[in-house]
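Results of the structural survey
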Amino acid sequence: SRVQNDIDELERRLQSISQQKEIFAMNDGVQDISEQALADLNRRYVAARSDHAVARARFDSVRNASPESLPEVLNSTLINNLRQQYAELERRASLMAGRFKSDWPPAMQIQEELDQAGQRLQLETATIAERVHLGAERELVRAQAEVENLRLQVERQMDEVQRVNLDAIEFGSLRSSIETKRTVLSGMVARQSETESSERLQDTSASNIRIVDPAELPREPIRPKKAMTLLLALLLGSGLGVAFAFGFDYLDNTIVSEDDLRRATGWAVLGHVPIYTPEAVGELPADAIRAAIAPDLASHSAPRSHFAEAFKNLRTSILLASPDQAPASLVISSCEPTAGKSTVALNLAIVLAQLGRRVLIIDADLRRPRLHRALGLSTEVGLSSFLSGNAEAEELLQETGIPGLDGIASGPIPPNPSELLDSQRLQLLISFALRSRGYDHVIFDSPPAVSISDALILGTRVDGLIMVARCGQTGRESLNHAAKRLRQSRVKVIGAVLNAADALLDRYSYYTRYGYYRAKEDEATPTKGASLGRRLARRATGGGRRRSGAA
């Protein structure tokens, strides 16, 4: 027929265009290899621009950074060895400068070696920095050339794609015409078939169509089933809630109770300290006075508060921890910097002094000291001055204004705190405080025991170490790691203290239900805690005489 002939002619034209203009007909449409090439070039161009941006950022950072801050310099084994040599020579020069004159031949030789080491360190640093700078510049030039080359290729390929698209439009138009003709032809064939069937059925009265059952309207919708949906939602919600609760509890890896602290470390738990709030200092005349009390000195400012009473219980546990006599020298440490070890050390020293004992607190945190701010101590001369040989022990002692409590500040911050603490002069200072000056207790506030080794060094020189963990913040893994390090260093750990315990929990709400009686009743009827305090004071007096006699 005529329609079929038109279809054949259009198909021949479509095949001719496809061969001449290199257009390939696929099952899912018209595709051309030029589009694939353009997509590939675009991906490479985007990747090259990203590499160029990285190279530019690297070049700018190397160009603007100082040689000492480059990662290649910081990670260089040679630079690290030279810095260690320079630090060692600087330490020796500092020791000689404090003891001898500068014109002493050994001191002059040390100073000459120090200058040579510094010059070599600067030379090696500059050499590595120059090499890094040249490498970054070469990489930037290479990346920029790659970007420019790919940009030109992308532009040429885009022109090719536009040309192919124009050809594809003509190709698509012919293909649409063919499809339209085929649709018309199919309709005509179907119409002709229906006409022939109708003509054959005109002379017959029978039909093979009959009604089996009449259609019925549904009485209720098949879906949704509301009761079943609500029941499934309730069960699924309850299950998810329980799963989330157990999941959050499993993910919470912090210490929240004394049992957690005991299981994580295997140490005895000496007690807990409530969260410091204005209400934790007890009943005071005015809110302004209560808010002015700092937690570091709360046991002195409000000795009859709930907060101070927790430290008195801690004091009792420490004094009864040893069967023979109470530990004379203690180190207070923690796993993390914000666990509250300094607050525990200060308040423990205060409540020990309230028993009539002479207590010396030493700020052994030679990296981030803070006891001098709480006690108002001078930092011109301190522990670092004595350990480096620049001061005598008598010069270190400072009065704190609290009866029975003296302090030693950290002193100037040294470049090598661990080496200073590992010297024999630390043991001389402890013997001087306990024997020569007659202090009953020496308490060290040390840095955290996980990240640095200062607490481990101090722990081997004293009678015992107390670890402070903060409720809801200190992790079990951190405590477990600290316990392993202390056991490996053979440090005697007296026990652990749970700081900032939540007073709203029932197991830590003792102080909210029980406190001091009124002042007149306290004066008339001594409490059981007061009797225990007098017994501990008599024991301290006896213990002090025994140490004096032994000295």
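Heads up: these notes are all about the structure in this document. (Residues numbered from 1 in each chain as written. Predicted model: local features only at pLDDT ≥ 70, side-chain atom pairs only at ≥ 80, totals over all residues. Heavy atoms only, no water.)

**Some details on the overall build of the chain**
Assigned secondary structure in the chain consists of 20 helices and 10 strands. Working note: accessible area of the chain is about 33300 Å², and carbon and sulfur atoms make up 53% of it. (Helix = DSSP H or I, 4+ residues; strand = E, 2+ residues; numbered from the N terminus. Areas by Shrake-Rupley, 256 points an atom, 1.4 Å probe, with all protein chains shown as cover.)

**A few points about the pairing of strand S5 (residues 359–363)**
With 5 of its 5 residues buried, S5 lies for the most part within the structure. Burial along S5 is two-sided: the face carrying Val-359, Ile-361 and Asp-363 and the face carrying Leu-360 and Ile-362 are both buried. Pairing of S5 with strand S7 (residues 405–408) involves 4 bridges; the strand directions are parallel. Looking at the pairing, Ile-361 lines up with Gly-407 of S7. Note that S5 and strand S8 (residues 441–445) share 5 bridges and pair parallel. When the sheet's bridge partners are listed, Val-359 is paired in S8 with His-441. (Buried < 20%, exposed > 50% of the residue type's maximum accessible area, 1.4 Å probe, protein only. Pairing = 2+ DSSP bridges.)

**So, unusual backbone geometry**
Apart from glycine, the bulk of residues carry a negative phi angle, and the bulk of peptide bonds sit in the trans form. A positive phi angle, close to 60°, is found at Arg-490, a residue other than glycine. Along the chain, the position of Arg-490 falls in the loop between helix H17 (476–488) and strand S10 (493–501). Phi at Ala-500 takes a positive value of approximately 60°, unusual for a residue other than glycine. Position of Ala-500 among the secondary structure elements: in strand S10. Judged by its relative accessible area of 9%, Ala-500 is buried.

**Here's the deal with the sheet that holds strand S4 (residues 329–334)**
The mixed open sheet is built from 8 strands, whose spatial order is S3-S10-S9-S4-S8-S5-S7-S6. Bordering the open sheet on either side are strand S3 (269–274) and strand S6 (398–399), each of which pairs with just one other strand. Relative to S7, S6 runs antiparallel, the two sharing 2 bridges. In the sheet register, Glu-399 faces S7, and the bridge partner there is Asp-406. Sheet strands in contact with helix H7 (residues 258–265) are S3, strand S9 (464–470) and S10, and its direction is about 140° off that of S3. (Contact = heavy atoms within 4.5 Å. Axes fitted to C-alpha atoms, helices over the stretch in contact; angles between N-to-C directions.)

**A short note on the pattern of salt bridges**
Taken as a whole and judged by the stated rule, the model has 13 salt bridges. Arg-43 serves as the salt-bridge partner of Asp-40, at 3.6 Å between the closest nitrogen and oxygen. One end of the pair, Asp-40, and the other, Arg-43, are both in helix H2 (residues 33–64), 3 residues apart, so they sit about a helical turn from each other. You can call Asp-40 partly exposed: its relative accessible area is 34%. One salt bridge connects Asp-445 with Lys-341, and the closest N-O pair in it is separated by 3.2 Å. A residue pair is termed long-range when its members are at least 10 positions apart, and Asp-445 in strand S8 and Lys-341 in helix H11 (residues 341–353) qualify at 104 residues. Residue class for Asp-445 comes out buried when judged on its relative accessible area of 1%. Of the residues examined, Lys-341 reaches a relative accessible area of 5% and is grouped as buried. (Salt bridge = Lys/Arg side-chain N within 4 Å of Asp/Glu carboxyl O.)

**Digging into the packing of H7 against H17**
Running from N to C, H7 and H17 cross one another at 45°; their axes reach a closest spacing of 8 Å. One way to sum up the angle between H7 and H17 is to call them oblique. Every pair of crossing elements has a handedness; the one defined by H7 and H17 is right-handed. Of the residues in H17, those in contact with Asp-260, Leu-261, Ala-264 and Thr-265 of H7 are Arg-476, Leu-479, Asn-480, Ala-483 and Arg-487. (Parallel < 35°, antiparallel > 145°, perpendicular 65-115°, else oblique. Left-handed = near helix turned anticlockwise from the far one by under 90°.)

**Here's the deal with a nonpolar patch on the surface**
A contiguous nonpolar surface patch, about 600 Å² in accessible area, is contributed by Leu-236, Leu-240, Phe-244, Phe-248 and Leu-251. Its location among the elements puts Phe-248 in helix H6 (residues 226–251). (Patch = residues over 30% accessible without salt bridge, like charges linked within 9 Å, V, L, I, M, F, W, Y side chains within 5 Å.)

**Focus on the environment of Ser-451**
Take Ser-451: it is sitting in the loop between S8 and helix H16 (454–459). The class of Ser-451 is exposed, set by a relative accessible area of 60%.

**Thoughts on the environment of Leu-314**
Summarising the element assignment, Leu-314 is placed in helix H10 (residues 306–319). Separated by 34 residues in sequence, Leu-314 and Leu-348 place their C-alpha atoms 7.7 Å apart. Not counting the four nearest positions on each side in its chain, Leu-314 is found in contact with Leu-270, Val-344, Leu-348 and Val-497.

Take it as geometry only, folks, not as evidence of what the structure does.
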